[in-house]
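Geometric and topological summary
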Amino acid sequence: MANDEDAQRAALREVRIDKRQVRVLAHPLRMRLVGALRVKGPATATTLAELLGTNTGATSYHLRQLAEVGLVIEDPDRGTGRQRWWQAAHDVTNWEPSDFDDDPDARAAIEWIQGDQVRLLVETADRWFATQHEWSPAWRDGFGMGDIFMTIPPARLEELKAEVWQVLERYHREAQPDASTDPEARPVQVFLAAYPLREGLR
């Protein structure tokens, strides 16, 4: 049984980014390129440029930068002639902020990436608020956010995050790749966040 669990976990390709990778990743277009390849699958620089509203020269350059540090890789089975196909090297990017405490440049890069995640959350929520009336009652009830207050030491918070992440990974493994088995299925993005309660409420 343990071997089955290990195999399932290995199927979700993870990378704990190092200092060089984090410095390369901390760029708006590069973050979007990695995200697009993870969500949409292998693509050419031209396809990605159309998807992200930029030009092929920019996507080609930044894909090569990402490839140099192993965050994207070429898909040789799809390439034909001069057309290069790219794919994400991993499904999930992991790190701890303290990984970069001894490198000011890497620390600044990870802080930028964390800020970009928050900006993405805000943009995603704004899009939802603007279009939620177009969705069915079931989806309107399913989407959304919630929060809870607690007093907890850092070790227990790490345990909580790990346990919730295991649940998310299980649902990710069990998710259908398309809507062929359930016409109600749609791609969704789930955020996991924990922050200190603001000073006045402590």
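Whatever comes next refers back to the structure up there.
To start, this report covers the structure provided alongside it. (Residues numbered from 1 in each chain as written. Predicted model: local features only at pLDDT ≥ 70, side-chain atom pairs only at ≥ 80, totals over all residues. Heavy atoms only, no water.)

Structural notes on helix 6 (residues 104-131)
Heads up, the condition is: Here a helix means four or more residues in a row that DSSP labels H or I, a strand means two or more in a row labelled E, and each is numbered from the N terminus. The length a helix should cover is 1.5 Å for every residue beyond the first. Note on exposure labels: buried denotes an accessible area under 20% of the residue type's maximum, exposed denotes more than 50%, and partly exposed covers the range between, all computed with a 1.4 Å probe on protein chains only. What makes two residues a contact is simply this: any of their non-hydrogen atoms within 4.5 Å. The term polar contact refers here to a pair of N or O atoms within 3.5 Å; inside protein, the definition further demands a hydrogen-donor-capable atom paired with an acceptor-capable atom, and it admits residues adjacent in sequence only when both atoms are side-chain atoms.
The end-to-end C-alpha distance of helix 6, which contains 28 residues, comes to 41 Å, matching closely the 40 Å that a straight helix rising 1.5 Å per residue would cover. The set of residues buried in helix 6 consists of Ala 106, Ala 109, Ile 110, Ile 113, Asp 116, Ala 125 and Trp 128. Looking at the packing, one finds that the buried side of helix 6 touches helix 2 (19-25), helix 3 (28-40) and helix 7 (137-142). Taking the backbone nitrogen of Asp 105 as reference, a side-chain oxygen 3.1 Å away marks Asp 103 as the first, capping residue of helix 6.

Some remarks on the nonpolar core
The line we're drawing: Side-chain atoms within 4.5 Å link the members of a nonpolar core, which is a set of buried Ala, Val, Leu, Ile, Met, Phe, Trp, Tyr and Cys residues.
With 29 residues, the main nonpolar core has Ile 17, Val 22, Leu 37, Leu 63 and Leu 66 as its most contacted residues. For this core, the leading source of residues is helix 3, giving six residues. In contact with Ile 17, other than residues within four places in its own chain, are Val 22, Leu 71, Thr 93, Asn 94, Trp 95, Phe 100 and Ile 110.

Topic: the packing of helix 3 against helix 5 (residues 56-68)
Using the following cut-off: Orientation is described by lines fitted to C-alpha atoms, with helices fitted over the stretch in contact, and by angles between N-to-C directions that extend from 0 to 180 degrees. What sets the label is the angle itself: under 35 degrees gives roughly parallel, over 145 gives roughly antiparallel, 65 to 115 gives roughly perpendicular, and the rest give oblique. Three classes are used, and their members are as follows: Ala, Val, Leu, Ile, Met, Phe, Trp, Tyr, Cys and Pro are nonpolar, Asp, Glu, Lys and Arg are charged, and the others, Gly among them, are polar.
Running from N to C, helix 3 and helix 5 point in directions that differ by 80°, and their axes come no closer than 10 Å. Accordingly, the angle class assigned to the pair helix 3 and helix 5 is roughly perpendicular. Residues Leu 29, Arg 30, Leu 33, Val 34 and Leu 37 of helix 3 form the contact with helix 5, whose own contacting residues are Ala 58, Thr 59, Tyr 61, His 62, Leu 63, Gln 65 and Leu 66. Of the residues in the contact of helix 3 with helix 5, the class split is eight nonpolar, three polar and one charged.

Considerations on the sheet that holds strand 3 (residues 72-74)
Strand pairing within a sheet occurs via backbone hydrogen bonds; the two strands may be parallel or antiparallel. Quick note on the threshold: Between any two strands, at least two bridges found by DSSP are needed for them to pair.
A sheet is described by the order of its strands in space; here three strands give the open sequence 2-4-3, paired in antiparallel fashion. The open sheet has two edge strands with one neighbour each: strand 2 (43-44) and strand 3. Two strands pair when backbone bridges link them, and strand 3 and strand 4 (residues 85-88) are joined in this way by three bridges, in the antiparallel orientation. Counterpart to Glu 74 in the pairing with strand 4 is Trp 86.

Some points on the packing of helix 4 (residues 45-52) against helix 5
As a reminder of what qualifies: A crossing counts as left-handed when the near helix is turned anticlockwise from the far one by less than a right angle, and as right-handed when that turn is clockwise.
Close contact between helix 4 and helix 5 brings their axes to 8 Å; oriented N to C, the two are set at 115°. Once helix 4 is placed against helix 5, the crossing between them reads as right-handed. Side by side, helix 4 and helix 5 meet where Ala 45, Thr 46, Leu 48 and Ala 49 of the first sit next to Thr 56, Thr 59, Ser 60 and Leu 63 of the second. Residue composition of the contact of helix 4 with helix 5, by class: four nonpolar, four polar and no charged.

Quick look at the pairing of strand 4
Alternating positions in strand 4 separate cleanly, Trp 86 and Ala 88 being buried on one face and Trp 85 and Gln 87 remaining unburied on the opposite face. Judged from the two bridges that link them, strand 2 and strand 4 form a sheet pairing that is antiparallel. Residue pairing in the sheet places Thr 44 in a bridge with Trp 85 of strand 4.

A look at the packing of aromatic side chains
Applied cut-off: Stacked, tilted and edge-to-face are the three classes applied to pairs of Phe, Tyr and Trp rings, where Trp contributes its six-membered ring and a pair requires centres within 6.5 Å; stacked means planes under 30 degrees apart, edge-to-face means over 60, and tilted covers the rest.
Applying the stated criterion across every chain, the model contains five aromatic pairs. Here the aromatic rings of Trp 135 and Trp 139 are separated by 5.8 Å at their centres, their planes lie at 75°, and the arrangement is edge-to-face. Looking at Trp 139, the relative accessible area reads 18%, which means it is buried. Put simply, the rings of Trp 128, Trp 135, Trp 139 and Phe 143 pair up and form one aromatic cluster.

A closer look at the side chain of His 90
Structurally, His 90 can be placed in the loop between strand 4 and strand 5 (92-94). Residues within four places of His 90 in sequence aside, it is in contact with Arg 13, Glu 14, Val 15, Arg 38, Gly 70 and Leu 71.

A look at the pattern of salt bridges
In plain terms, the rule: Salt bridges are identified by distance alone: a Lys or Arg side-chain nitrogen within 4 Å of an Asp or Glu carboxyl oxygen.
Scanning all chains against the criterion turns up eight salt bridges. Salt-bridge contacts for Arg 13 lead to Asp 91; the nearest nitrogen and oxygen are separated by 3.2 Å. Here Arg 13, found in the loop between helix 1 (2-11) and strand 1 (14-16), pairs with Asp 91, found in the loop between strand 4 and strand 5; they are 78 residues apart in sequence, far enough to count as distant. For Arg 13, a relative accessible area of 32% gives the class partly exposed.

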